[in-house]
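# Chains, contacts and geometry: an overview
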Amino acid sequence: MSESLTDPGPSTPDDADWTWVLSSPCPDCGFDAAATAPGEVPAILRVAGQRYAAVLGRDDVRNRPAEGVWSPLEYACHVRDVCDVMRGRLEQILAGGGEVVRFANWDQDETAVERQYWRSDPGVVQGEVTSAFEAAATAYALPSGTQWEWPAVRSNGAEFTAATLSLYFVHDIRHHLWDVTA
Ligand SMILES: [Zn+2]
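Remember, predicted model here, so these are calculated numbers, not experimental data.

### Remarks on the overall build of the protein chain
The number of helices and strands found in the protein chain is five helices and three strands. For the protein chain, the succession of helices and strands along the chain, N to C, is α-α-β-α-α-β-β-α. Over its C-alpha atoms the protein chain spans a radius of gyration of 16 Å, differing by no more than 12% from the 16 Å that the globule rule assigns to 182 residues. For the protein chain, the distance from the average site of its 13 positive side-chain charges to the average site of its 27 negative ones is 4 Å.

### Considerations on the packing of helix H1 (residues 41–55) against helix H4 (residues 122–140)
Following both chains from N to C, one finds H1 and H4 inclined at 175°, their axes separated by 8 Å at the closest point. Here H4 runs roughly antiparallel to H1, going by the angle between their axes. Of the residues in H4, those touching H1 at Val41, Pro42, Leu45, Arg46, Ala48, Gly49, Tyr52 and Ala53 are Gln126, Val129, Thr130, Phe133, Glu134, Ala136, Ala137, Thr138 and Tyr140. Grouping the constituent residues of the contact of H1 with H4 by class yields 11 nonpolar, four polar and two charged.

### Some thoughts on the coordination of the zinc ion
Six octahedral donors around a metal ideally sit at 90 or 180 degrees from one another, while four tetrahedral donors ideally sit at 109.5 degrees. Protein ligation of the zinc ion involves Cys26 (SG), Cys29 (SG), His171 (NE2) and His175 (ND1), the donor distances falling in the range 2.0 to 2.3 Å. Coordination geometry of the zinc ion: the four donor atoms subtend angles of 105 to 118° at the metal centre, consistent with an arrangement described as tetrahedral. Between the donor residues of the zinc ion, the gaps in sequence give the motif C-x2-C-x141-H-x3-H. The class of cysteine 26 is buried, set by a relative accessible area of 4%.

### Some words on the pattern of salt bridges
If charged atoms from side chains of opposite charge come close, those side chains can pair. One pass over the structure, following the stated rule, counts nine salt bridges. Notably, a salt bridge pairs arginine 64 with glutamate 74, separated by 2.7 Å at the nearest N-O pair. With arginine 64 in the loop between H1 and helix H2 (72–95) and glutamate 74 in helix H2, this pair connects stretches of sequence that are 10 residues apart. Between arginine 80 and glutamate 128 there is a salt bridge, with its nearest N and O atoms 2.6 Å apart. Taken as a pair, arginine 80 in helix H2 and glutamate 128 in helix H4 lie far apart in primary sequence, 48 residues in all. Among the charged side chains, a salt-bridge network with shared partners connects Arg80, Asp81, Arg115 and Glu128.

### Structural notes on the packing of aromatic side chains
Overall, the coordinates contain six aromatic pairs when judged by the stated rule. Between tryptophan 70 and tyrosine 117 the ring centres are 6.0 Å apart and the planes differ by 65°, which places this aromatic pair in the edge-to-face class. One end of the pair, tryptophan 70, is in the loop between H1 and H2; the other, tyrosine 117, is in the loop between helix H3 (108–114) and H4, and 47 residues separate them in sequence. Summarising the aromatic geometry, the rings of tyrosine 140 and phenylalanine 169 are spaced 5.2 Å apart at their centres and angled 45° between planes, so their arrangement reads as tilted. You can see tyrosine 140 sitting in helix H4 and its partner phenylalanine 169 sitting in helix H5 (residues 162–181), a full 29 residues away along the chain. For the pair shown, tyrosine 140 and phenylalanine 169 are each scored as buried. Taken together, the ring pairs in this structure connect Trp70, Tyr75 and Tyr117 into an aromatic cluster.

### A word on a negative patch on the surface
Taken together, Asp14, Asp15, Asp107, Glu110 and Glu114 make up a surface patch of like negative charges. Turning to its location among the elements, glutamate 114 is positioned in helix H3.

### Quick look at H4
Turn by turn, an α-helix covers 3.6 residues, leaving residues three or four places apart pointing in a common direction. The first and last C-alpha atoms of H4 sit 26 Å apart over 19 residues, in line with the 27 Å expected at 1.5 Å per residue. Against the buried residues of H4 lie H1, H2 and H5. Between the side-chain oxygen of the N-cap and the backbone nitrogen of glycine 123 there are 2.8 Å, and the N-cap of H4 in question is aspartate 121.

Cut-offs and rules
- Residues numbered from 1 in each chain as written.
- Predicted model: local features only at pLDDT ≥ 70, side-chain atom pairs only at ≥ 80, totals over all residues.
- Heavy atoms only, no water.
- Helix = DSSP H or I, 4+ residues; strand = E, 2+ residues; numbered from the N terminus.
- Rg over C-alpha atoms; globule rule 2.2 N^0.38 Å.
- Lys, Arg positive; Asp, Glu negative; His and termini not counted.
- Charge placed at Lys NZ, Arg CZ, Asp CG, Glu CD.
- Axes fitted to C-alpha atoms, helices over the stretch in contact; angles between N-to-C directions.
- Parallel < 35°, antiparallel > 145°, perpendicular 65-115°, else oblique.
- Contact = heavy atoms within 4.5 Å.
- Nonpolar A, V, L, I, M, F, W, Y, C, P; charged D, E, K, R; others polar.
- Donors = N, O, S within 2.8 Å, 3.2 Å for Na, K, Ca; no water.
- Tetrahedral: all angles 85-135°; square planar, octahedral: opposite > 155°, others 65-115°.
- Buried < 20%, exposed > 50% of the residue type's maximum accessible area, 1.4 Å probe, protein only.
- Salt bridge = Lys/Arg side-chain N within 4 Å of Asp/Glu carboxyl O.
- Phe/Tyr/Trp six-rings, centres within 6.5 Å; stacked < 30°, edge-to-face > 60°.
- Patch = residues over 30% accessible without salt bridge, like charges linked within 9 Å, V, L, I, M, F, W, Y side chains within 5 Å.
- Areas by Shrake-Rupley, 256 points an atom, 1.4 Å probe, with all protein chains shown as cover.
- Expected span 1.5 Å × (residues − 1).
- Polar contact = N/O pair within 3.5 Å; in protein donor to acceptor, adjacent residues only side chain to side chain.

Rendered as structure tokens:
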């Protein structure tokens, strides 16, 4: 890690409520939740993990494309952490045995600043991304039958099931792939 790196400052926070992607195709990345089955999620995650690992080998990996927009490296750190959070949330649903579980709030922008995503070593993140996607893919292969309907509520009140959580999760992953490769 070079000591000459300068802190680019926080990115512009994304405060949008993205739950609409569960009912309409995303006009940006093209993901269509209605055309995706939760059973496809592990395979989608494994392919995406490989693509993020490839992005981390790019020469421009530290470059922010615009003021307030994460670099590919910062996006890769973000999706690594999204994989861990979403794996934890699914485990929480399954541990709930069908009772409604409540997710703790996760502030993605605060996490990016705290963990200093911009300072990360792309080679290290490559390994972490690969492990995080594999662990998430393994976890999302576990639910079966009615477990996909088991409920959860996010801290802002948004209601999920294991199935809608899985689709919300893979949209996030695919959308950021579009962010770094479009
Ligand atoms: Zn999208």
